[in-house]
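Topology and contacts: notes
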Amino acid sequence: MSTHTSVTGPRFGPLGIYAITYLAFVYIPVMFLPMFSFNDSVFIAFPLKGFTLEWYRALATSDGLIDALYNSVKIAAVVAVLATALGTLAAKAVTRYKIPGRGPVITFIMTPLVIPGIIMGIALLVIVNMLGIEMSVYTIGLGHLLVSTPFSMLIMVSRLEGFDKNLEEASQDLGEGAWRTFWRVTFPLSVPGIIASLLLSFTISFDEFILAFFLGGQDITLPVYIWGQLRFPAKLPVILALGACILAVSFVLVTFAEWFRRRGVQIKTSSGV
Amino acid sequence: MSDEQFISIQNVSKHFGDVHAVDRVSIDIARGEFFSLLGPSGCGKTTLLRMLAGFEFPTAGEIFIDGQAMSTVAPNHRPVNMVFQSYAIFPHLNVSQNIGYSLRKDKLSKADFNSRVGEMLDLIKLSGYEDRASHELSGGERQRVALARALIRRPKVLLLDEPLGALDKQLREQMQLELRSLQRAVGITFVFVTHDQEEALTMSDRIAVMSKGRYLQIDTPTKLYEAPQNREVADFIGTMNFFDASVQDVGDGQASIDAGPLGKLSVSPGNLAFSSGQAALAAIRPEKISISSEKPSGGHVVEGTMDAAAYLGDRSHFYVRVPGVDKPVAVSAQNIDQTHLHGDGNQGQVWLSWSNDAVVLLNKD
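Remember, it's a predicted structure, so these values are computed and weren't measured experimentally.

This part is about the overall build of chain B. Of regular secondary structure, chain B possesses 8 helices and 20 strands. In terms of principal-axis extent, the alpha carbons of chain B reach across some 75 × 45 × 35 Å. Residues counted as buried form 39% of the 365 residues belonging to chain B. Taking as baseline every contact in chain B between residues at least 6 positions apart, the subset at least 24 positions apart corresponds to 65%.

Moving on: the sheet that holds strand β19 (residues 349-354) of chain B. Residues and elements named next belong to chain B. Taken in spatial order, the 5 strands make up an open sheet running β15-β19-β16-β17-β18, and their pairing is antiparallel. Only two strands of the sheet have a single neighbouring strand rather than two, namely β15 (290-292) and β18 (329-334). With strand direction ignored, the average angle separating the axes of adjacent strands in the sheet is 45 degrees. Of the strand pairs in this sheet, strand β16 (residues 300-311) and strand β17 (residues 315-321) are connected by 6 bridges, and their pairing is antiparallel. Among the inter-strand pairings, Ala310 is bridged to a residue of β17, identified as His317.

Generally, phi is negative for residues other than glycine and the peptide bonds are trans, each holding for most cases. Residue and element names in this part refer to chain B. Phi at Asn11 is positive, roughly 55 degrees, even though this residue is not glycine. With respect to the secondary-structure elements, Asn11 resides in strand β1 (residues 7-16). Positive phi values are uncommon outside glycine, yet Asp66 reaches one of about 50 degrees. Looking at where Asp66 falls in the secondary structure, it is placed in the loop between β4 (60-65) and β5 (68-69). Residue class for Asp66 comes out partly exposed when judged on the 15 C-beta atoms lying within 10 Å of it.

What follows concerns the pairing of strand β11 (residues 241-250) of chain B. Residue and element names in this part refer to chain B. Taken together, the 6 bridges between β11 and strand β14 (residues 279-284) define a ladder with antiparallel strand orientation. By the bridge assignment, Ala245 is partnered in β14 with Ala280. The pairing of β11 with strand β12 (residues 255-258) spans 4 bridges and is classified as antiparallel. When the bridges of β12 are listed, Ser246 appears paired with Asp258. Counted between consecutive antiparallel strands, the loop separating β11 from β12 contains 4 residues, among which Gly253 sits at a positive phi close to 70 degrees.

Residue and element names in this part refer to chain B. According to the domain assignment, chain B consists of domain 1 (3-233) and domain 2 (239-363). Look at where the C-alpha atoms of domain 1 and domain 2 centre, and you get two points 39 Å apart. In this assembly, 5 residues from domain 1 lie in contact with 7 residues from domain 2. In the side of domain 1 that touches domain 2, the residues fall into 2 nonpolar, 2 polar and 1 charged.

Further remarks concern the packing of helix α8 (residues 166-173) of chain A against helix α9 (residues 178-207) of chain A. The relative placement of two packed helices comes down to the angle between their axes together with the axis-to-axis distance. All names here are of chain A. Closest axis-to-axis distance for the α8/α9 pair is 10 Å, and the angle between their directions is 140 degrees. Taken together, the axis directions place α8 and α9 in an arrangement best described as oblique. The interaxial crossing formed by α8 with α9 has right-handed handedness. Of α9, the residues touching α8 (which contributes Leu167, Glu168, Ser171 and Gln172) are Thr181, Arg184, Val185 and Thr186. Across the contact of α8 with α9, the residue classes break down as 2 nonpolar, 4 polar and 2 charged.

All right, on to the nonpolar core then. Judged by nonpolar contacts, the single largest core of 107 residues is most densely connected at Leu159, Val191, Val209 and Ala282 of chain B. Per-element tally for this core: the top contributor is helix α4 (residues 139-151) of chain B, with 6 residues. Counting residues domain by domain, this core receives three or more from each of domain 1 (3-233) and domain 2 (239-363) of chain B. The residues contacting Val191 of chain B, other than those within four sequence positions of it, are Ile29, Phe35, Leu37, Leu49, Leu52, Val157 and Leu159 of chain B. Membership of the second largest hydrophobic core comes to 29 residues, among which are Phe202, Leu215, Val238 and Ile239 of chain A.

What follows concerns the pairing of β14 of chain B. All names here are of chain B. For β14, the tally of buried residues reaches 5 of 6 residues, placing the bulk of the element in the interior. The pairing of β14 with strand β20 (residues 359-363) spans 5 bridges and is classified as antiparallel. Residue Ala282 lies in a different strand from β20, and its bridge partner there is Leu361.

Moving on to the interface of chain B and chain A. Each partner contributes residues to the interface: chain B has 22 residues there, and chain A has 18 residues. Breaking the side of chain B that touches chain A down by element, the ones donating at least two residues are β6 (80-83) and α4 of chain B. Looking at the side of chain B that touches chain A element by element, the count peaks at 3 residues for α4 of chain B. For the side of chain B that touches chain A, the per-class residue count stands at 11 nonpolar, 8 polar and 3 charged.

The rules behind each value
Residues numbered from 1 in each chain as written. Chains lettered and ligands numbered in written order. Predicted model: local features only at pLDDT ≥ 70, side-chain atom pairs only at ≥ 80, totals over all residues. Helix = DSSP H or I, 4+ residues; strand = E, 2+ residues; numbered from the N terminus. Buried ≥ 20, exposed ≤ 12 C-beta atoms within 10 Å, placed from the backbone. Contact = placed C-beta atoms within 7 Å. Pairing = 2+ DSSP bridges. Axes fitted to C-alpha atoms, helices over the stretch in contact; angles between N-to-C directions. Domains from an automatic or database assignment. Nonpolar A, V, L, I, M, F, W, Y, C, P; charged D, E, K, R; others polar. Parallel < 35°, antiparallel > 145°, perpendicular 65-115°, else oblique. Left-handed = near helix turned anticlockwise from the far one by under 90°. Core = buried A, V, L, I, M, F, W, Y, C linked by C-beta atoms within 7 Å.

The following block contains the structure:
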């Protein structure tokens, strides 16, 4: 009971102070973004000058930015779907079938996780050049698919290992073939993992800078655009406004993902005997 | 195919690498029979059941169900259904969706679907549970739902993989009786896998006792217990006292043996073959030996000293040292009027007696 009181008892004990310091360290820098995005000055400095929506207006009318945002969302959406599909199939293969060379295959798929982005970027750049492929959103997408699929597979492997294999056998026993069994049992039970994988691979692609920078050619994604704009100090508040928007969208996505994860936990605990 | 060979397992082997999980097993199971595969874990009983279900395919041999060869038939096309050890209730579906899972292809109307599921719920006495989520069910209810789900299409064979293992003792005993009467009611052939001998004896028409990928004996529960064919079966089913003996003379349905400390006995060799002069084992069940503190008159009698006694309420177990016998002789007696044997002085002399037909003669190995 004594450990219990040290958490709930004195409101600002050492642990309480630690917790508040930690949260401040994580969130105060982030909070500067929305704060200065409403500040009526091109200089990012205190004291605040006054409230304005000017930067948001500039944001909405900046053509280069809208194009970059569109490219990013397009790539991220397609990558999320493809990476999740590939990750799910790979996870199904390694968790359900006795395939020869299972260990090496998994290592091979997982390797992109530990290769530094810059090395991967150079390697892909060399290959794309060698093959004479024109660089565009497609080459960026392929690069992003390569780095997102292992994450998706990791999520899906843990999801598929989380439920009783007998459920799939029971479905076959009750007259359904492999395909129907997947749709009636495996897929519904994997939905929380699939949602998590979609969100994660979307975020990975949306955030990614190095591959997009190397493989984009004339096509520019949002991170590459932002990086380019940092050269012009007068544009910085517009970037802050953009940052604030992304922050808001991320917050909604994370909340949604967490809600789904909890639903997944419920299904998992209820499947126990 | 005759009804006696409704399921015919012919010389079936299953190897996993170097492990011979099932080794050249041939078993015929009759239509409508309650057949159990009994053995310790790793004896191959579950592998054999999974080959009947189609989740594993034999390395060699062939399985016929109702005259049809199964070697190329996938699990979803076999006329069998299975109750899994874990029950495998679909967690994302409710009770009626679980029970009616296999009805999709029939494209039933909502009302027909409900009435089919309703019939099964009546059968397992869970009417009114249609909309329950699977996590709201107790262990016994999950077991019944799994049973209903497997029976709804009236399979030719129902396979049960230790379905009572997860239940507590009282519920297990109740479900044993219910399963047995359900099987009689639906008339479907049951193949039941268990490591619990009491469960197998209670429910089965016939039992195959398995060990190391082979079966040791296939018989009715009574025959297995009363007339085991070898030492392993005698040891696995219940408790058995073994005494070294030598066969002296084999006559017409009778064999004279010299059972050393127990003296000379005249016993029935059953359907085993013995020859004169051969070393054998005389086996007697603990409950077929009478124990008393005074020497009984007549019959085969041997004197011993009490080694240990355990009082179990309805009966007692005694372990008696008999000169010339290595292990103490196990004796089980109903506690009708023997309480005096538990008194202070029970390190004393006791007398054991038995009749000739209590003795089972077995080969030495």
